[in-house]
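Each chain, written out:
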Amino acid sequence: MAPKKRPETQKTSEIVLRPRNKRSRSPLELEPEAKKLCAKGSGPSRRCDSDCLWVGLAGPQILPPCRSIVRTLHQHKLGRASWPSVQQIGAGGSITGLKFNPLNTNQFYASSMEGTTRLQDFKGNILRVFASSDTINIWFCSLDVSASSRMVVTGDNVGNVILLNMDGKELWNLRMHKKKVTHVALNPCCDWFLATASVDQTVKIWDLRQVRGKASFLYSLPHRHPVNAACFSPDGARLLTTDQKSEIRVYSASQWDCPLGLIPHPHRHFQHLTPIKAAWHPRYNLIVVGRYPDPNFKSCTPYELRTIDVFDGNSGKMMCQLYDPESSGISSLNEFNPMGDTLASAMGYHILIWSQEEARTRK
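Residues numbered from 1 in each chain as written. Predicted model: local features only at pLDDT ≥ 70, side-chain atom pairs only at ≥ 80, totals over all residues. Heavy atoms only, no water.

## Digging into the nonpolar core
Residues Leu240 and Ile287 are the most contacted members of the largest nonpolar core, which totals 15 residues. When contributions to this core are tallied by element, the ones reaching two or more residues are strand 15 (247–252) and strand 18 (286–290). (Core = buried A, V, L, I, M, F, W, Y, C linked by side-chain atoms within 4.5 Å. Buried < 20%, exposed > 50% of the residue type's maximum accessible area, 1.4 Å probe, protein only. Helix = DSSP H or I, 4+ residues; strand = E, 2+ residues; numbered from the N terminus.)

Right, here's the structure in full:
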């Protein structure tokens, strides 16, 4: 078992966005120009294949926004929507984790602040409740599902993690962290490998075949701040973590107890903001994450935009930034389709769809 001591960190060069004009101007003068600015990139450190979504996006020129499909969710009221919608349960009932059923795409698993982790369909029918706290003081914050092992794993706000099979049988229920478990992730290639992230400032890696108690983890990865997410790369060989302030880390299976690289990045936590989580591209070694400009961040510049940032997974260098002037909110969650040529970004009531084809035609 690796030691719990904080690993030595590596210094990486921070990314600086420079204003286009050094002359001091008022915010009203700068606002029209800021809205026109879409992206600046430092160029890729390693060129991807020709059909990569981001090829041609990085470079010294300003990138015009690619076409986005924006759905204003509050305009589609329950019973009037032309596409499936899930009924809400009111204040305090937000969904904290969502996974399609890999065996039936008309169903999905959801964890929520209602205090349950359940399987339901798009008609609102609850098919099975896998975990229930039976108290308003405990709720579920994360979940993941494995089709090959037929397992469901979920974590709650007091540090417990529950492993169940898809028939609803509980295999074990253990307190694995001192505080809220913000994220659970099964390795896509070795689904007996589990990563858990917590606001107790640690990420832990477990072998599900050897879990005997809270001290039976394989590795404990300490962080400087609470952690929003820990997700494995598509090949299962690396782990991406996002803290609640200004750091993204990349770990490798060859040395779990020490990060390969640290990426300084502003995404500070705010009580009423969906936690920002960095994600992997499904086919290329790229990391995508929403930016929440922070005046206390070292490289912050005046009137910095709330962009979607893309980094090289090896070097940590900025590849490019995406920005739509019509939707300038904070992108908390970003998800690619399986082919990696379409990116969906969640911004409050809006969902933006960034497509590869539109990006090429608007270059």
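Next, the rest of the story.
## Considerations on the sheet that holds strand 16 (residues 261–264)
An order of 13-14-15-16 is seen for the four strands of this open sheet, with the pairing classed as antiparallel. In this open sheet, the two strands that pair with only one neighbour each are strand 13 (227–232) and strand 16. Between one strand axis and the next, the sheet turns by 15 degrees as a mean value, whatever way the strands run. Here strand 13 pairs with strand 14 (residues 238–243) via five bridges, running antiparallel. Pairing of alanine 229 across the sheet is with threonine 242, part of strand 14. (Pairing = 2+ DSSP bridges. Axes fitted to C-alpha atoms, helices over the stretch in contact; angles between N-to-C directions.)

## Concerning the pairing of strand 4 (residues 126–132)
Pairing geometry for strand 3 (residues 116–121) and strand 4, over five bridges, is antiparallel. Among the inter-strand pairings, glutamine 120 is bridged to a residue of strand 4, identified as isoleucine 126. Linking strand 3 back to strand 4 in an antiparallel pair, the connection comprises four residues, with glycine 124 at a positive phi of about 95 degrees.

## Structural notes on the pairing of strand 21 (residues 333–336)
Judged by which residues are buried, strand 21 turns out to be one-sided: Asn334 and Phe336 face inward and are buried, whereas Leu333 and Glu335, on the alternate face, are not. Pairing of strand 21 with strand 22 (residues 342–347) involves four bridges; the strand directions are antiparallel. When the bridges of strand 22 are listed, glutamate 335 appears paired with alanine 344. The hairpin turn running from strand 21 into strand 22, its antiparallel successor, is five residues long, and glycine 340 in that turn takes a positive phi close to 80 degrees.

## Brief notes about the pattern of salt bridges
When their charged atoms lie close together, side chains carrying opposite charge are able to pair. Taken as a whole, this structure holds eight salt bridges when the rule is applied. When the shortest N-O distance is used, the salt bridge between aspartate 207 and arginine 209 registers 3.0 Å. Judged by its relative accessible area of 4%, aspartate 207 falls in the buried class. In this structure, the salt-bridge partner of arginine 238 is aspartate 235, at a minimum N-O distance of 4.0 Å. Taken together, the shared-partner salt bridges in this structure form one network comprising Arg224, Glu247 and Arg249. (Salt bridge = Lys/Arg side-chain N within 4 Å of Asp/Glu carboxyl O.)

## Examining the side chain of threonine 116
Inspection of the secondary structure assignment puts threonine 116 in strand 3. Beyond its immediate chain neighbours, meaning those up to four positions away, threonine 116 contacts Ala110, Ser111, Val129, Ala131, Ser132 and Phe140. (Contact = heavy atoms within 4.5 Å.)

## Quick word on the sheet that holds strand 18
Spatial ordering of the open sheet is given by 17-18-19-20, a layout of four strands whose pairing is antiparallel. Each having just a single partner strand, strand 17 (279–280) and strand 20 (318–322) make up the two edges of the open sheet. Examined bridge by bridge, strand 18 and strand 19 (residues 308–312) share five bridges and lie antiparallel to one another. Each residue of the ladder has a partner; that of glycine 290, found in strand 19, is isoleucine 308.

## Details of the packing of aromatic side chains
Aromatic ring pairs are defined here through the distance separating the ring centres and the angle between the ring planes. Within this structure, the stated rule accounts for eight aromatic pairs. Measuring from ring centre to ring centre gives 5.3 Å for tryptophan 192 and phenylalanine 193, while their planes differ by 70 degrees; the resulting arrangement is edge-to-face. Residue classification places phenylalanine 193 among the buried positions, given a relative accessible area of 11%. Taken together, the ring pairs in this structure connect Trp192, Phe193, Phe232 and Trp256 into an aromatic cluster. Directly above the aromatic system of tryptophan 192 lies the positively charged group of arginine 209, at a separation of 3.9 Å from the ring centroid. (Phe/Tyr/Trp six-rings, centres within 6.5 Å; stacked < 30°, edge-to-face > 60°. Lys NZ or Arg CZ within 6 Å of the ring centre and 35° of its normal.)

## Section: unusual backbone geometry
Leave glycine aside and you will find that most residues have negative phi; peptide bonds, for their part, are mostly trans. Of note, the phi angle at aspartate 134 is positive, near 60 degrees, even though the residue is not glycine. Tracing the backbone shows aspartate 134 in the loop between strand 4 and strand 5 (140–146). In this model, arginine 150 sits at a positive phi of 55 degrees, which is unusual for a non-glycine residue. Position of arginine 150 relative to the elements: it lies in the loop between strand 5 and strand 6 (151–156).

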